[in-house]
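A closer look at the structure
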Amino acid sequence: MGFFVMISGVSMGLMLLCISGFWVLPTEGAGRRSFLRNSSSSRPSSVNVGALFTYDSFIGRAARPAFMAAIEDVNADQNILRGTKLNVVFHDSNCSGFVGTVGALQVMENKVVAAIGPQSSGIGHLISHVASELHVPLLSFAATDPTLSSLQFPYFLRTTQNDYFQMNAVADFVSYCRWREVVAVFVDDEYGRNGISVLGDALAKKRAKISYKAGFRPGADNSSLRDLLVSANLMESRVFVVHVNPDSGLNVLSVAKSLGMMGSGYVWIATDWLLTALDSFEQLDPKTMGLLQGVVAFRHYTPESNMKRLFKASWKNLRSKESSGGDDGGFNSYAMYAYDTVWLVARALDVFFSQGNTVTFSSDPNLRNTNGTNIKFSALSVFNEGERFLQVIHDMNYTGLTGQIQFDSEKNRINPAYDVVNINSRDRPHRVGYWSNHTGFSVEPPETFYSKPPNTSAEHQRLNEIIWPGGVTKTPRGWVFPDNGEPLKIGVPNRVSYQNYASKDNNQLGVKGYCIDIFEAALELLPYPVPRTYILYGDGKRNPSYDNLVNEVASNNFDVAVGDITIVTNRTKFVDFTQPFMESGLVVVAPVKGGKSSPWSFLKPFTVEMWAVTGLLFLFVGAIIWILEHRFNEEFRGPPRRQIITVFWFSFSTMFFSQRENTVSTLGRFVLLIWLFVVLIINSSYTASLTSILTVQQLTSRVEGMDSLITSNEPIGVQDGTFAYKYLVNELNIAPSRIVPLKNEQEYLSALQLGPRGGGVAAIVDELPYIKALLSNSNCEFRTVGQEFTRTGWGFAFQRDSPLAVDMSTAILQLSEEGKLENIRRKWLTYSHECSMQIADTENYQISVQSFWGVFLICGIVWFIALTLFCWKVFWQWQGLRPEEESDEVRASEVASSSRSGRSLKAGSFKDLIKVVDKREVEIKEMLKQKSSKKFKASQSSVETP
């Protein structure tokens, strides 16, 4: 079934102190100490259901007709309780926590077996203790306080959604919009406090937080709400999360509207209370809808079904029968939860009785000694089968108006989901998507994804367009500078050395420097003004500690630190840095002196491996050419000694292209052509490398780099106040006694010139930007040695989760893309005398095998192909010269002929193969020709013989 009727008024009250309870009572033996047992095959003729809730409330006006409809439907269905009739007895708690609690105890005296309720989370805490004592299952269709699901209340079962999931949905929405801070406006009771506490935990998982908690007492008047919102408006966050009860929540937004807090730039997120109220109106007031323009609200999601549509269609008839005196229609999602809860109890009772269980009660021994008071607590009895009945309820699994009714191990409804609704017109709220713990945000109903694996990744989150307060479609920034008149407090290091980066000045800002200009240029790109004041940090006598400056930001003494602040791991634990605006890293600077020329400099262009490989290749190519030319070229024949000398001479003469031997064979010429190309490359590379080595100024230093400094015991200089000191001590384990803090460039130069023996230092470890300035002022007397051993950058340090840090990072990237960073660098960091940073190492000009392995590979392939073709040809000729089976006469004549010519050849052995290789090509061809002629004559003589 389904229904949808509107309510025309908003009532103020203490909704969270209102109680809604349903009590299932056996009518037989209601006034006796024990319930009359039936046989396992019989059931009670009737049971009573008591309802305890506030009639005149949004939830109450929806619950009463739903209760009556459920009772009527249960009694009409003979397949449920099978002859057992349900009767309902209503009790109005009148928005009083005390009256509700007393009413609940009065109903308890009638030996109830289950309780449906309460409506109020506060009363839920009280009654849960009673239910646990009497072993009575307590089912609530409206109490959403997450703490009610704790182990403290084992008999509490929630038939609606837990606010734990709703607060996670709100946190996901804040993360989806990339906000970092919110202001929580809530009613200060169990429902409000505990819900906001869960919201804070959920936001922390998203690296966001509640920056201000604005709680007000239940029933607060407009004056109190005004003062509260004025205080909240002084905060920088413009994202407000409102978690109140439906009957008084609209007053909060009305007061916010009067304060001008519902306009452009603000964000208002309401939990399910808002749509509970709006859904209850039969016709929405245009004035109310105008008040709520741009608000985003959440509502319990209930899947569409025929049962739900029928129930909504019959709601007007139900409402007319059970009018509570209000002018509104009363329908909201809690009406369906109330209806489903009655059916849950009825179905569970049917299963309970079908299992052969009976209902019995016994006196509570803890209440026996209270008979002397006027309050007869001894009339309360313990439900002996309560734990078993609770388990039956927990194990129920069926589909109701609100979807699948099934509970997980923590007694929460499975598949929690919410509608995400945007109020962007004067008609009805507009749904922009859904949220579920299975997929996060989507524009498709949650049940379409339940058959797929869970996926809540950020790239799969989708919502339709949202119209925000002020009618804008662009997601608001979510924060502004606080309206308390305090400008941004910017800490600037009061440097003694390298003052072109940041230093004191008499201009309007009070500071100047490279870092200041970048910060100011980035601020100009922001779409909003930033009131600010620069505060110097340090006494001006020595550089301040940058770690202490960062700690001042973390301690809220500064909003941001601007200067040459290095981004290191330890600092990122306390503050948020912007995108780096300059690259940096630690390097080693040491004194250098001119190096002496070596008589063996001509060997330096190649590495030892390169020389060895090149020499072997020269010998190898000579051998290959000899093999390919030996049968064709007389210059490659002769005595063994002559041939060996020819191979060596030919090999190394190709280095200068001066070989006097000519190549005759086709394969030999092809191999030599490729080799001469390789030689050309080797000669050119050698010449270029040797030229570089001989022309570059050779400088040497006792310190080779950071590794040599670590192994030595000599003093090391560092800049006073920077992170280099801690890095050397903590990361490289250098003794603190070896480290000498230096205040300015003069101390740098003096310490390096004196050296470790004169009371100075062996080297200085500092960041690269400072070293560039130092070298330009030292007439290139010093150089960096070794490689840069850390890679970091400089950035501006903001307080954790400051939204301004993100905007400033974007502005710095824009400055870099537009070339403005380079312009500022040229303005402040251009030096009149530039010198090379690092000592020129001859090893950097050496050529290794790695540079030529591709060329050598090509040579190897060509040589392999040439040798393969040569060997195949020789083998073919050898096969052609092998003797065949002939007559003795022919064989004898052939032997005689061979002996006369001196060319006897036996090709049936390896020795014969070597002879074939050693023969001239002309001779081999002549022998093959003679053999072919003899074979032809022999074949003719055999044909003529009859």
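Before going into details, it helps to say that this report is about the structure given with it.

The rules behind these values
- Per chain, residue numbering runs from 1 following the sequence as it is written.
- Restriction of local features to residues with pLDDT of at least 70 applies here, the model being predicted, together with a cutoff of 80 or more for giving and counting side-chain atom pairs; totals for whole chains, interfaces and linings are based on all residues.
- For side-chain calculations, the full set of non-hydrogen atoms in the structure is used, while hydrogens and water are omitted.
- By definition, two strands form a pair when at least two bridges between them are found by DSSP.
- By definition, any uninterrupted DSSP run of H or I lasting at least four residues is a helix, any uninterrupted run of E lasting at least two residues is a strand, and each is numbered from the N terminus.
- Every axis corresponds to a line fitted to the C-alpha atoms, with the helix fit spanning only the stretch in contact, and the corresponding angles, defined between N-to-C directions, vary from 0 to 180 degrees.
- A simple rule labels every residue: compare its accessible area, found with a 1.4 Å probe on the protein chains alone, to the largest value its type can have, and call it buried under 20%, exposed over 50%, or partly exposed in between.
- Contact definition: two residues touch when any of their heavy atoms are within 4.5 Å.
- We define a salt bridge as a contact between a side-chain nitrogen of Lys or Arg and a carboxyl oxygen of Asp or Glu at a distance within 4 Å.
- For classification, angles of less than 35 degrees are called roughly parallel, those exceeding 145 degrees roughly antiparallel, those between 65 and 115 degrees roughly perpendicular, and all remaining angles oblique.
- Two helices crossing with the near one rotated counterclockwise from the far one by less than a right angle form a left-handed crossing, whereas a clockwise rotation gives a right-handed crossing.
- Residue classes follow a fixed rule: Ala, Val, Leu, Ile, Met, Phe, Trp, Tyr, Cys and Pro count as nonpolar, while Asp, Glu, Lys and Arg count as charged, and any other residue, Gly among them, counts as polar.

Picture the strands of a sheet paired through backbone hydrogen bonds; they go either parallel or antiparallel. Strands sit in the order β22-β19-β23-β34-β24 across an open sheet of 5 strands; the sheet is mixed. Both edges of this open sheet fall to β22 (532-537) and β24 (575-577), since each of them pairs with a single strand only. As defined by bridge partners, strand β23 (residues 560-561) adjoins strand β34 (residues 797-799) across 2 bridges and the pair is classed as antiparallel. Bridged to Ala 561 within β34 is Ala 797.

Let us look at the sheet that holds strand β11 (residues 296-300). Strand order in the open sheet formed by 8 strands is β8-β7-β9-β10-β11-β16-β17-β18, with mixed pairing between adjacent strands. Where the open sheet ends on each side, the last strands, each with one partner, are β8 (209-216) and β18 (440-442). For this sheet the average axis-to-axis angle between neighbouring strands, irrespective of direction, equals 25 degrees. Direction of pairing for strand β16 (residues 417-422) relative to strand β17 (residues 430-436): antiparallel, over a ladder of 6 bridges.

To continue, consider the environment of Val 647. Tracing the backbone through its elements, the reader meets Val 647 in helix α18 (residues 640-653). Exposure remark for Val 647: the relative accessible area of 16% places this residue in the buried category. What Val 647 contacts, discounting residues up to four positions off in sequence, is Gly 622, Ala 623 and Trp 626.

This brings us to the pattern of salt bridges. One pass over the structure, following the stated rule, counts 25 salt bridges. Across the pair Arg 193 and Asp 188 runs a salt bridge, and its minimum N-O distance is 3.0 Å. In this structure, Glu 788 engages Arg 791 in a salt bridge whose closest nitrogen and oxygen atoms are separated by 3.6 Å. In this structure Glu 788 comes out as partly exposed when scored by relative accessible area, which is 23%. Via salt bridges that share partners, Arg 180, Arg 207, Asp 576, Arg 800 and Asp 801 belong to a single interconnected network.

For the rest of this paragraph, the subject is the environment of Gly 563. Within the secondary structure layout, Gly 563 lies in the loop between β23 and α16 (569-572). Remark: the alpha-carbon pair of Gly 563 and Tyr 514, spanning 49 residues in sequence, is separated by 8.4 Å. Contact partners of Gly 563, with chain neighbours within four places excluded, come to Pro 493, Cys 515, Phe 581, Gly 795 and Phe 796.

Before going further, it helps to spend a moment on the pairing of β17. Counting buried positions along β17 yields 5 of 7 residues, so the element is predominantly enclosed. As judged from the 3 bridges shared by β17 and β18, these two strands associate in the antiparallel manner. Each residue of the ladder has a partner; that of Tyr 434, found in β18, is Ser 442. Linking β17 back to β18 in an antiparallel pair, the connection comprises 3 residues.

Interhelical geometry of helix α12 (residues 333-354) versus helix α13 (residues 386-394) gives an angle of 120 degrees and a closest axis separation of 9 Å. With respect to each other, α12 and α13 are oriented oblique. Here the hand of the crossing between α12 and α13 comes out right-handed. Here Leu 344, Val 345, Ala 348, Leu 349, Val 351 and Phe 352 of α12 lie close against α13, whose contacting residues are Arg 388, Phe 389, Val 392 and Ile 393. When its residues are assigned to classes, the contact of α12 with α13 shows 9 nonpolar, no polar and 1 charged.

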